[in-house]
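Commentary on secondary and tertiary structure
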Amino acid sequence: MDFNLPETALAVQDGVRAVAAKYDHAYWSECEEAHRFPTEVFSDLGRGGWFGLNIPEEYGGGGQGLLEVAIANETLCASGGGAGSFFYVTTPGFGATTLVRHGTDQQKKDILPGIASGDVQFCFALTEPDAGSNAIEITTSARRDGDDFLIKGQKVWISNVENADWMVAVTRTIPAAEAKPRYNGFTLFLIDVKEALAAGTLSYDPIPKMGSNILYSSQVFFDDVRVPARNVIGEVDAGFMVLWDVLNPERILAAAGGVGGADAALAYAAKYATERVVFGRPIGANQGIQFPLAQIKAKTELGRLMTYKAAWLFDQGLPCGNEANVAKLTGAQVAWEAADQAFQTLGGMAYSKEFPVERWLRDARIGKNIPVAEQLVLAHIGTSMLGLPKSY
């Protein structure tokens, strides 16, 4: 067993850290307050090739794996840009990872070079208002119309539609009530977002939200969106197997973002606790301050190890569902706990927007609910890993 990161991963850490260092806490807070996409840092990362890490070299990428993508995301979030995790989940995750594994040669040729250069962005549409986390029950449908499909339905909490060039949309080509077994009848499509918006068949409505306002999370409406059959990802009616190669990387990248966010909050809290002197000594000398931070640091390191393991398993083509779920659970928890404890460490000043802690707290909280709710992760661990009976 070798726990040393490969040289490729170390180079990613150095490269992304150098880009992130140009954008301070004030920059990220300004983007959040203005509800503005961080175009400058996104463009810098794109020019550096930091979004094409897991894209084969023949398409302009780095020819590496999900491990390097996870480390890039972790490093960006550790710089203080926690909501920047969406950069890596949406485009290298939903876009590059899906196409590298399941795209046709033409899909790869047409789209992957743009991801590698930072010129193409993605979003992913699965969740629906009446299905929630129960993906089996989605009702957005795709029906044949000659050489095309027409997609009709509604999705909710879809992030980055406003910037996306392409959407990976999960549909039913066989209704759930007719599918045997029930996970049959899923088909994934590539939708040209700008084309569909221009045609008026795709629309979206941003949802006002508590944090991560550097991009929208929207309700999305499909009104017979026309998609050519060549834009099917994988096979018609057999998309559920493709879906797992979207969801597991999503969880791994979310975990990496959580670990990076915990690093940022812990570093900030430790610096403050070292410099803040009350009653004649730094407050960090008090066990009431020091021990909670130390406990979260230990959990962060455990979460980091599981995130790296899950990414490595994915890159080896091995089952990684259990590890991805454990990593996501732990990464979300430590991000929230670190932000919350940093808030407690700074005391009343943490409530001020002069400091980044209040932003981190808002950004971190949603990680316990997305991309999969904590309760569902625990249910998976209980039934799939412990063999406990299911409640349904």
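Remember, it's a predicted structure, so these values are computed and weren't measured experimentally.

**Examining the overall build of the protein**
Helices and strands together make up the secondary structure of the protein, namely twelve helices and ten strands. Across its three principal directions, the C-alpha atoms of the protein cover 80 × 50 × 45 Å. Buried positions account for 54% of the 392 residues belonging to the protein. Taking the contacts inside the protein whose residues are at least 6 apart along the sequence as the reference set, 73% of them involve residues at least 24 apart. Roughly 17400 Å² of accessible area belongs to the protein as shown, and the carbon and sulfur atoms make up 55% of that amount. Here the protein contributes 33 positive and 45 negative side-chain charges, whose respective centroids are spaced 5 Å apart.

**A few points about the packing of aromatic side chains**
Within the structure shown, the criterion is met by 16 aromatic pairs. An angle of 55° between the planes, with centres 5.4 Å apart, marks the rings of Phe-37 and Phe-42 as tilted. Like Phe-37, the residue Phe-42 is buried in the burial classification. Put simply, the rings of Tyr-23, Tyr-27, Trp-28, Phe-37, Phe-42, Phe-51, Phe-87 and Tyr-88 pair up and form one aromatic cluster. Between Arg-101 and the ring centre of Phe-314, over which it is positioned, the NZ or CZ distance is 3.8 Å.

**Thoughts on unusual backbone geometry**
With an omega dihedral of -10°, the bond running from Lys-180 to Pro-181 counts as a cis peptide bond. Tracing the backbone shows Pro-181 in the loop between strand S4 (166-172) and strand S5 (186-192). That bond from Ile-370 to Pro-371 is cis: its omega, 0°, falls within 30 degrees of zero. In this model, His-35 sits at a positive phi of 55°, which is unusual for a non-glycine residue. For His-35, the position within the fold is in the loop between helix H2 (25-34) and helix H3 (39-47).

The rules behind these values
- Residues numbered from 1 in each chain as written.
- Predicted model: local features only at pLDDT ≥ 70, side-chain atom pairs only at ≥ 80, totals over all residues.
- Heavy atoms only, no water.
- Helix = DSSP H or I, 4+ residues; strand = E, 2+ residues; numbered from the N terminus.
- Buried < 20%, exposed > 50% of the residue type's maximum accessible area, 1.4 Å probe, protein only.
- Contact = heavy atoms within 4.5 Å.
- Areas by Shrake-Rupley, 256 points an atom, 1.4 Å probe, with all protein chains shown as cover.
- Lys, Arg positive; Asp, Glu negative; His and termini not counted.
- Charge placed at Lys NZ, Arg CZ, Asp CG, Glu CD.
- Phe/Tyr/Trp six-rings, centres within 6.5 Å; stacked < 30°, edge-to-face > 60°.
- Lys NZ or Arg CZ within 6 Å of the ring centre and 35° of its normal.

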